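# Examining the three-dimensional arrangement
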Amino acid sequence: MLTRARAIEEIAGKHFEVVVIGGGITGSGVALDAASRGYSVALLERGDYAVGTSSRSSKMVHGGLRYLQNFDLGLVREALLERQLMVQLAPHLVYPTPFLVAALGEERRDRKLGLGLNMYDVMATTRVGRSRRELRSSKEEDEDFYWSPDRHRTIDRDEVLELVPALAAREPKDAYMFYDCQTDDVRLVLTVLGEAERFGAVMLNGVDVTEVLSANGRASGVAAVEAESGERFEVSADHVVNATGVFADQIRPEEIAGEEDVPRIAPSRGTHLILDSADLPMGGAACIVPAGEGRMIFSLPWYGRTLIGTTDNDFDGDTAHPQPAADDIGYLLEAVNEFFGTALAQSDLVGAYAGVRPLISSGDPRKSVDISRKAELYETSSGMLTITGGKLTTWRRMAKQTVDRLVEREGREAPCHTAEIPLGMEARAEDLEAPEGVAAESVSQLAFRYGHATRAVLDLAWKDPKLARPIVPGRPDLLAEVAVAARHEQARCVADVLLRRTRLGILAAPQLRTAASVRPVAEALGAELGWSRRQVKREAEAWPQAAALEGIDPAAAG
């Protein structure tokens, strides 16, 4: 990715065919889709890439088993096909995980859920419409193979405990087992942005779009203010795309024919908790956990920790900095303790986060849990397009829907190619040669996070032994990643690194409570960004307040 200084030069005062507002997964996807069809593209992000909902998901690329309860079959089918495609396009970053629905003690397996899993199996056919049996028989000779999971099955007690040791105290009888996928949501965004840049798109974060410009009643570009300098600049464009998620109803041209031209967002907060895997050892599988009133939550292995989530409640607070609510934390812990027979408390948490889903209000008074996650595309009288709703898994289809509309109204011949564009590349053996002292766990995590770009991280570790050290003792993340984040990913502050480029802010919050604990991060950033010693000190001292604003360390108050 270009440096911010270079990106400003490339964008300010220039003309592009498409300007995208918003650097989450949806905006990133639109940038990739449009650029790969030959459009010149600029993307502008107010804060940091994936700073909003796209860094606060459940880290799953999945069909959405619970959406079957609402008979949202089209969404589930669409998401299942995209799940398979993501495994194919980004195998180093999107990976299958077994999910268990366990029957504990004397309880019987939920036959109704079994029927739901049968539907899940049927809808999880291949992208080209072939059955799993046909795929298995043709896998060896067919390069057009798409990952498709085996049908769900019942596993016995021994296999349940082998997969999820945390269930030992509950004496599981058996369990349904099916597959869904996991990822690092921020790394997926950064990877999509990297591919968009490869096709010529230019990205810039830390720039607030303050106005949609118009000429002759048509959206003709945007005006924006750069955060560090406070300077205002304009970018002209043939098309303006609003992909700001939960903020989508706040970006408006001057002329709107009717309120139906823009979405009405009904925000919903999803809270997630992180536990030390020693306190709740999930092993190699996830569990569906009953949470009362027919609801379910997940307990997932993620980055060597255990991730618990999620809630789904109407939200009317600060959408820029949603915090895990005390009631949500209590609700999730109660469900986990009852299911696993544990006595986990808020003081046991190593991290937490909350995100706000951009659900689209229809005026129906239903709870947010009942509102569809289907994406919607809006077009104002000025021609500005707004794409919002949806979910992480369906980002590519949301982008395609948006760019298809641009192509249609231009009468252009430009088919979508994103179903064939690899998202990064897997690391090769030569990419993983690490200097002495770098743990195998670190190399493995780098390969997952960066793919073949692991070489860039390890090259820095070879050149400067200080950068080969871990950011947090006992965790695999390296200081070299901080330098890469500043040099190649437009990271601007400690929070950018700890909350997004690495995920240490939510994986090791108790170890990062002080300015002193993050001083090495600030120093590595400062070395790349030309900070003075005084600024390094200020940036380190800003971290505790940023962490408190996000509510990532409930154990500090528990």
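Thresholds, definitions, all that
- Residues numbered from 1 in each chain as written.
- Predicted model: local features only at pLDDT ≥ 70, side-chain atom pairs only at ≥ 80, totals over all residues.
- Heavy atoms only, no water.
- Helix = DSSP H or I, 4+ residues; strand = E, 2+ residues; numbered from the N terminus.
- Buried < 20%, exposed > 50% of the residue type's maximum accessible area, 1.4 Å probe, protein only.
- Contact = heavy atoms within 4.5 Å.
- Areas by Shrake-Rupley, 256 points an atom, 1.4 Å probe, with all protein chains shown as cover.
- pLDDT = per-residue confidence, 0-100.
- Core = buried A, V, L, I, M, F, W, Y, C linked by side-chain atoms within 4.5 Å.
- Expected span 1.5 Å × (residues − 1).
- Pairing = 2+ DSSP bridges.
- Salt bridge = Lys/Arg side-chain N within 4 Å of Asp/Glu carboxyl O.

A tally of helices and strands in the chain yields 16 helices and 18 strands. Taking all 558 residues of the chain together, 58% fall into the buried category. The long-range fraction of contacts in the chain, counting pairs at least 24 apart against all pairs at least 6 apart in sequence, stands at 72%. Entry remark: accessible area of the chain is about 22,700 Å², with carbon and sulfur atoms responsible for 49%.

Before going further, it helps to examine the side chain of Ser-58. Among the structural elements, Ser-58 can be located in the loop between strand S2 (41-44) and strand S3 (60-61). A relative accessible area of 15% places Ser-58 in the buried class. If sequence neighbours within four positions are ignored, Ser-58 has contacts with His-272, Leu-300, Leu-307, Thr-310 and Tyr-353.

This part takes up the confidence of the model for the chain. Caution applies to low-pLDDT regions: their predicted coordinates should not be interpreted in detail. The pLDDT averaged across the chain works out to 90; a share of 90% of its residues lies at or above 70. Of the regions scoring below 50 in pLDDT, residues 127-145 engages in 27 contacts with residues more than four places distant in sequence or in other chains. Contacts for the low-pLDDT stretch residues 363-372, under 50 throughout, to residues beyond four places or in other chains number 19 contacts.

What follows covers the nonpolar core. Residues Val-41, Leu-423, Leu-498 and Trp-543 are the most contacted members of the largest nonpolar core, which totals 114 residues. In contact with Trp-543, not counting residues within four places along its chain, are Val-494, Ala-495, Leu-498, Leu-499, Gly-505, Leu-512, Thr-514, Val-518 and Ile-552. Ala-175, Leu-275, Ile-329 and Leu-333 belong to the second largest nonpolar core, which has 32 residues in total.

Its 16 residues give helix H9 (residues 395-410) an end-to-end C-alpha distance of 23 Å, which sits within 8% of 22 Å, the value for a rise of 1.5 Å per residue. Looking only at H9, the buried set comprises Trp-395, Arg-396, Met-398, Ala-399, Thr-402, Val-403, Leu-406 and Val-407. Looking one or two residues past H9, Gly-411 carries a phi angle of roughly 65°, positive in sign.

Here we take up unusual backbone geometry. Residue Thr-310 follows Gly-309 across a cis peptide bond; omega there is 5°. Not every positive phi belongs to a glycine, and Gln-490 is a case in point at roughly 60°. Tracing the backbone shows Gln-490 in the loop between helix H12 (479-488) and helix H13 (494-501). Given the relative accessible area of 3%, Gln-490 is considered buried.

Along the chain, the position of Met-123 falls in helix H4 (residues 111-123). The spacing of Met-123 and Leu-73 is 50 residues in sequence and 8.7 Å in space, taken between C-alpha atoms.

Now for helix H2 (residues 25-36). Compared with the 16 Å implied by 1.5 Å per residue over 12 residues, the 16 Å span of H2 between its first and last C-alpha is a close match. For H2, the buried fraction is high: 12 of the 12 residues fall into the buried class. Buried residues of H2: Ile-25, Thr-26, Gly-27, Ser-28, Gly-29, Val-30, Ala-31, Leu-32, Asp-33, Ala-34, Ala-35 and Ser-36, and no others. Next to the buried residues of H2 lie strand S1 (15-21), S2, helix H7 (185-198), strand S10 (232-242), strand S18 (385-388) and H9. Backbone geometry just after H2 places Gly-38 at a positive phi near 105°.

So, on to the pairing of strand S11 (residues 265-276). In terms of burial, S11 is largely enclosed, as 10 of its 12 residues are buried. Sheet topology note: the S11/strand S16 (residues 349-360) ladder contains 11 bridges and is antiparallel. Directly across from His-272, in S16, lies its bridge partner Tyr-353. With 2 bridges joining them, S11 and strand S15 (residues 313-314) adopt antiparallel strand pairing. Within S15, the position partnered with Ser-268 by the bridge is Asp-314. The pairing of S11 with strand S14 (residues 305-309) spans 5 bridges and is classified as antiparallel.

This paragraph deals with the pattern of salt bridges. Enumeration over the complete set of coordinates arrives at 41 salt bridges. Among the salt bridges present, the one from Glu-528 reaches Arg-487, with a minimum N-O distance of 2.7 Å. Taken as a pair, Glu-528 in helix H15 (residues 519-529) and Arg-487 in helix H12 lie far apart in primary sequence, 41 residues in all. One network of salt bridges, with partners in common, ties together Asp-48, Arg-187, Glu-489, Asp-496, Arg-500 and Arg-501.

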